[in-house]
Amino acid sequence: MGQVVCKSLFQSLFDYKTAKYVIAKNKKVGLLYRLLQASILAYLVIWVFLWKKGYQDTDTSLESSIVTKVKGVTFTNTSDLGARLWDVADYVIPPQGENIFFIVTNLIVTPNQRQGTCAESENIPDGLCYKDSDCPPGEPVVAGNGVKTGRCLRAGKMQRGTCEIFAWCPVETKSRPSKPLLGKAEDFTVYIKNFIRFPKFNFSKTNVLDTEDRSYLKFCQFDPKNLYCPIFRVGSLVSWAGSNFQDIALQGGVIGIQIEWDCDLDKAPSECNPRYHFSRLDNQFSEKSVSSGYNFRFAKYYRDTEGVQFRTLMKAYGIRFDVMVNGKGAFFCDLVLIYLIKKSNFYRNKKYEEARSGHLGNGKVNVEQPQNLQTVEA
């Protein structure tokens, strides 16, 4: 009995089975079948091809470069700095122009600082003291301005004082001005030149109008109807981001400028246009929040007639601009090459290689294996 079963299983290995189709003359079933076919076809044509454009090849490896320049001058007259004219060399950091740049709008100035000993600021918790032992010599003041000398300095009969420190003296003590120093900076202009390239399709473009008129950039100004003028008014950039210039100029902030190139390269190059989005990136939900605003410190150094170094310390408030570029390019390429042009057979043979079992010598059936696209000429 066992031998019979084994023999039957062995013989079944060499059986060949083929599908048998039965045509059902049933209108309801046939109608349902055609509706399913029509639904699938409609999905492919309307959603995949027309809406999602699934026939297009896409390049998301956008190559981009940014060049920025700021222009504008203003005049101030303060007790710390005296009468002074401000130009781009004074208020733009860094000066060479990149995708991130900073415009100074407000300052706390501490002039004529020299290295020596003085009292730490009362605003620094680690610098407060009641006796000399609270100020171990050589210990840096946490979040402070210098190194403790071992002495606790008290004014008059006050019980609490501040540690004496070795630092750049006098230390910064002034509070932020109530009005921005460079309040007229909203009329400054920013030149933002953007080059982009989709390497897969060898397509390049810029956000500057292609013109031989040398005076164009001197008089044009960007607006939603003039996309190819890269001259932006600073106050307008802040306004488009949903903020008030005088408020952000007082305590500083961060503005994001996003340039988006979402291009359908089946259309004319003139249809590939930049889209701009402006946003406030720092925390602006509460004016009293410690995370709102933007500032940093820098110093300008000098030497007196005796060769001793001194400096002017500046705590700068202002607007940091972050220029970000993204995009994608889509092109109707493979479908055209392989199926729709006269030389489609030529390109299809270059794209696919046919391997026959007789050539391979391993008994495999005929297959078509896709290869990487290569540049060919017909």
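Cut-off values and rules
Residues numbered from 1 in each chain as written. Predicted model: local features only at pLDDT ≥ 70, side-chain atom pairs only at ≥ 80, totals over all residues. Heavy atoms only, no water. Core = buried A, V, L, I, M, F, W, Y, C linked by side-chain atoms within 4.5 Å. Buried < 20%, exposed > 50% of the residue type's maximum accessible area, 1.4 Å probe, protein only. Helix = DSSP H or I, 4+ residues; strand = E, 2+ residues; numbered from the N terminus. Contact = heavy atoms within 4.5 Å. pLDDT = per-residue confidence, 0-100. Disulfide = S-S within 2.5 Å. Phe/Tyr/Trp six-rings, centres within 6.5 Å; stacked < 30°, edge-to-face > 60°. Lys NZ or Arg CZ within 6 Å of the ring centre and 35° of its normal.

Undergrad: Help me understand the nonpolar core, please; the structure alone is not making it clear to me.
TA: Across soluble globular proteins, you tend to see nonpolar side chains buried next to one another. Core analysis: the biggest nonpolar cluster contains 45 residues, and Y91 and F321 have the highest contact counts within it. Contributions of two or more residues to this core are made by β2 (63–71), β6 (100–119), β10 (189–198), α5 (234–240), α6 (245–251), β13 (253–264), β14 (275–280) and β16 (309–331). Considering each element in turn, this core owes the most residues, six residues, to β6. Apart from residues lying up to four places away in sequence, F321 is in contact with N99, I100, F101, I103, V234, L237, I255 and I257. Ranked by size, the runner-up nonpolar core spans seven residues in total, among them I124, I165, C169 and V171.

Undergrad: Please clarify how the confidence of the model for the protein should be interpreted in this entry.
TA: Atom-level detail of predicted coordinates should not be read off regions where pLDDT is low. When pLDDT is averaged along the protein, the result is 82, and 74% of the positions lie at 70 or above. Contacts from residues 356–378, a stretch scored under 50 in pLDDT, to residues over four places away or in other chains number 32 contacts.

Undergrad: What am I meant to see in the state of the cysteines here?
TA: What is meant by a disulfide is a covalent connection between two cysteines, made through their sulfur atoms. In the structure shown here, the tally under the stated rule is five disulfides. A sulfur-sulfur separation of 2.1 Å characterises the disulfide bridge that pairs C118 with C169. Sign of the S-S torsion, about -80° for the bond between C118 and C169, identifies this disulfide as left-handed. Of the two residues, C118 is situated in strand β6 and C169 in strand β9 (residues 161–169); the sequence distance between them amounts to 51 residues. Here C118 matches C169 in class, with each residue buried. Between the sulfur atoms of C220 and its disulfide partner C229 the distance amounts to 2.0 Å. Handedness here is read from the sign of the S-S torsion; for C220 and C229, about 80°, the answer is right-handed. Considered together, C220 and C229 belong to a single accessibility category, that of buried residues.

Undergrad: Looking at this model, I keep getting lost on unusual backbone geometry. Mind explaining?
TA: Backbone phi values are negative for most residues with the exception of glycine, while trans is the configuration of most peptide bonds. In this chain, I93 is followed by P94 through a cis amide linkage whose omega measures -5°. Here P94 lies in the loop between β5 (92–93) and β6. Geometrically, the link from C169 to P170 is a cis peptide bond, its omega value of 0° lying close to zero. Along the polypeptide, P170 turns up in the loop between β9 and β10. Residues other than glycine seldom take positive phi values, yet N112 does so here, at roughly 55°.

Undergrad: Got a minute to help me understand the packing of aromatic side chains in this structure?
TA: The geometry of two aromatic rings is summed up by the distance between their centres and the angle between their planes. In the structure shown here, the tally under the stated rule is 17 aromatic pairs. With 5.1 Å between their ring centres and 35° between their planes, W240 and F278 make a pair best called tilted. Within this pair, whereas W240 is found in helix α5, its partner F278 is found in strand β14, the two being separated by 38 residues in sequence. By the ring-pair criterion, three or more aromatic residues cluster together here, those being F222, F232, W240, Y276 and F278. The side chain of R84 reaches across the aromatic face of W86, ending 4.3 Å from its centre. Note that R176 overlies the ring of Y317, its terminal NZ or CZ placed 5.8 Å from the centroid.

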